Amino acid sequence: MTGPAPEPVELSEHERASQSLTRPTAANALLHIERALFGTGKWASADAHVRKATAGPIDSAPHAGLYYGVPAVAFVLHAARDGHPRYQAAARSLDKHVARLTQRRLATAAERMRGRVPAAFAEYDLFRGLTGLGALLLLRAPGSDLLGAVLTYVTCLTQPRRVDGVELPGWWVDHDPDPLAPTPGGHVNLGLAHGAAGLLALLSLASLRGCTVPGQSGAIETLTGWYDQWRQDSSDGTWWPQWLTREDLHTGHTSQRSPGRPSWCYGTAGIARAQQLAGLATSDPVRRGIAEKAMAECLTDQQLQKITEAGLCHGMAGVYQTAYRASLDASNPAIGSRLPALAPALTQRAATSQDDAKGLLDGPAGVGLALETAQHTTPPRSGWDACLLIT
């Protein structure tokens, strides 16, 4: 394995792609690791894929995050840790680089906060930001001061701030959620990939594992309060908006008129799982009940018709994996009872939607990992779905 690249260094497109979970090389390594651990694949194949993902210099620049660069490679090696002692040693060698990167990102975030400048996805979200780095530290260094610093940052991010006389949450961003979905003046993101659900899931998972900092329980309460305020109850079931605009906050009503697709990234599945985790972390059976009811309601045939893709991010694989993890913790049997119907739907989507050029979130590797869960009906051996913040 080649070590982290000295900075600055110009990596080739191939070198950048090989160390990104959003591209095939690293994603396929996770899939073959999982299959080797289950015995449905060979360690020789897994090792070959890991070598491809770690063959070049590994990016440790400030733009690295859980899905790219040193943290992404560390996550792959952590997943393979039971395959051979050298994987454990290689992962440990990257831990100090992850720590250095995280410290630098925390310092940059602190400077941004002192300047009273709005946050951005790249600072805090799961894919590129400190939430993703926190998820990795929860695996690699659960009792560390550094994880505590990330949890403190997330706790501070939930505190409101006033902009032009309007009170906004600390994770408000002044950019659009997507170029195709403009939100003039910015938005409050409620999804798991880029928004409040990711923050809530990280704080809740850390609490469940005994990793807490001052103010953490209050931050969980603040975040769940947003979901209580914006919960929508309809004939389609309970759902939450994907995001909120300034106009939504002004009127107190969401401009989203109906539930979107029940995906992991932005939909009810991901949001409900985050709230279920919060209910578990705070021993709140009412919140758990609401979250589990919402999860079960989004798994009906009517709602699943909105899922047209196979992948983890927007598609059936993400819905299945999220629902599976929720079912393991659920007091409501309705979620588990829907899984046998979800598995064939996932298989069908996988057969009609495969793009080998895509990675973990949208490509066949992510679908294959969810299919492994569906086939064995037991939790992943590698723990790969920790990068989705659902476990």
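These numbers come from a predicted model, not from an experiment.

1. Considering the overall build of the chain
Point 1. Looking only at helices and strands, the chain features 17 helices and 6 strands.
Point 2. By the compact-globule yardstick of 21 Å for 391 residues, the chain fits well, its C-alpha radius of gyration being 20 Å.
Point 3. If one aligns the C-alpha atoms of the chain with their principal axes, the spans along those axes are about 55 × 50 × 40 Å.
Point 4. Taken across its 391 residues, the chain has 56% of its residues classed as buried.

2. Description of the UniProt feature "binding site: Zn(2+)" (unreviewed entry) in the chain
Point 1. Listed under "binding site: Zn(2+)" (unreviewed entry) in the UniProt record, and renumbered for this structure, are Cys265, Cys313 and His314. These annotated residues cover 50 residues of sequence, and their C-alpha atoms all fall within 6.4 Å of one another, placing them together at a single site. Lining of the largest pocket among the annotated residues: Cys265, Cys313 and His314.
Point 2. Along the chain, Cys313 falls in the loop between helix H14 (301-304) and helix H15 (316-329).
Point 3. Following the sequence through the fold, His314 ends up in the loop between H14 and H15.

3. Observations concerning the packing of helix H12 (residues 268-281) against H15
Point 1. Taken N-terminus to C-terminus, the directions of H12 and H15 make an angle of 25°; their axes are 10 Å apart at the nearest point. One way to sum up the angle between H12 and H15 is to call them roughly parallel. The handedness of the crossing between H12 and H15 comes out as left-handed. Here Ala269, Gly270, Arg273, Gln276 and Leu280 of H12 lie close against H15, whose contacting residues are Thr322, Arg325, Ala326 and Asp329.

4. Digging into empty space enclosed by the protein
Using a probe with the size of a water molecule, rolled over the atoms, empty space left in the structure can be pinpointed.
Point 1. All told, the structure shown has 3 cavities of 30 Å³ or more when counted by the stated rule.
Point 2. In this model, the largest cavity occupies a volume close to 60 Å³.
Point 3. What lines the largest cavity is Asp236, Gly237, Thr238, Trp239, Pro259, Gly260, Pro262, Thr268, Ala294, Glu297, Cys298 and Gln303.
Point 4. Counting only elements with at least two residues in the lining of the largest cavity, the list comes to strand S5 (237-239) and helix H13 (285-297).

5. Some details on the pattern of salt bridges
Side chains that carry opposite charge are capable of pairing whenever their charged atoms lie near each other.
Point 1. Applying the stated criterion across every chain yields a total of 18 salt bridges.
Point 2. Here Arg16 ties to Glu10 by a salt bridge, and the two come within 3.8 Å at their closest N and O atoms.
Point 3. Under the relative-accessibility criterion, Glu10 is labelled exposed at 69%.
Point 4. Across the pair Asp47 and Arg86 runs a salt bridge whose closest N-O atoms are separated by 2.5 Å. Residue Asp47 is found in helix H3 (residues 43-53), and its partner Arg86 is found in helix H5 (residues 85-114); the two are separated by 39 residues along the sequence.
Point 5. Judged by relative accessible area, Asp47 falls into the buried class, the value being 13%.
Point 6. Among the residues examined, Arg86 registers a relative accessible area of 35% and is labelled partly exposed.

6. Concerning the packing of aromatic side chains
Point 1. This model, assessed by the stated rule, comprises 8 aromatic pairs.
Point 2. Look at Tyr227 and Trp240: their rings are 6.3 Å apart centre to centre, the planes differ by 85°, and that puts the pair in the edge-to-face class. With Tyr227 in helix H10 (residues 216-230) and Trp240 in the loop between S5 and strand S6 (243-245), this pair connects stretches of sequence that are 13 residues apart.

Rules used throughout
Residues numbered from 1 in each chain as written. Predicted model: local features only at pLDDT ≥ 70, side-chain atom pairs only at ≥ 80, totals over all residues. Heavy atoms only, no water. Helix = DSSP H or I, 4+ residues; strand = E, 2+ residues; numbered from the N terminus. Rg over C-alpha atoms; globule rule 2.2 N^0.38 Å. Buried < 20%, exposed > 50% of the residue type's maximum accessible area, 1.4 Å probe, protein only. UniProt positions renumbered as here; feature names shortened; annotations may be inferred. 1 Å grid on protein atoms, 1.4 Å probe; cavity = no way out; pocket = protein on both sides within 12 Å on 5 of 7 lines; lining within 4 Å. Axes fitted to C-alpha atoms, helices over the stretch in contact; angles between N-to-C directions. Parallel < 35°, antiparallel > 145°, perpendicular 65-115°, else oblique. Left-handed = near helix turned anticlockwise from the far one by under 90°. Contact = heavy atoms within 4.5 Å. Points joined across faces, edges and corners; volume = space filled by probe spheres on them. Salt bridge = Lys/Arg side-chain N within 4 Å of Asp/Glu carboxyl O. Phe/Tyr/Trp six-rings, centres within 6.5 Å; stacked < 30°, edge-to-face > 60°.

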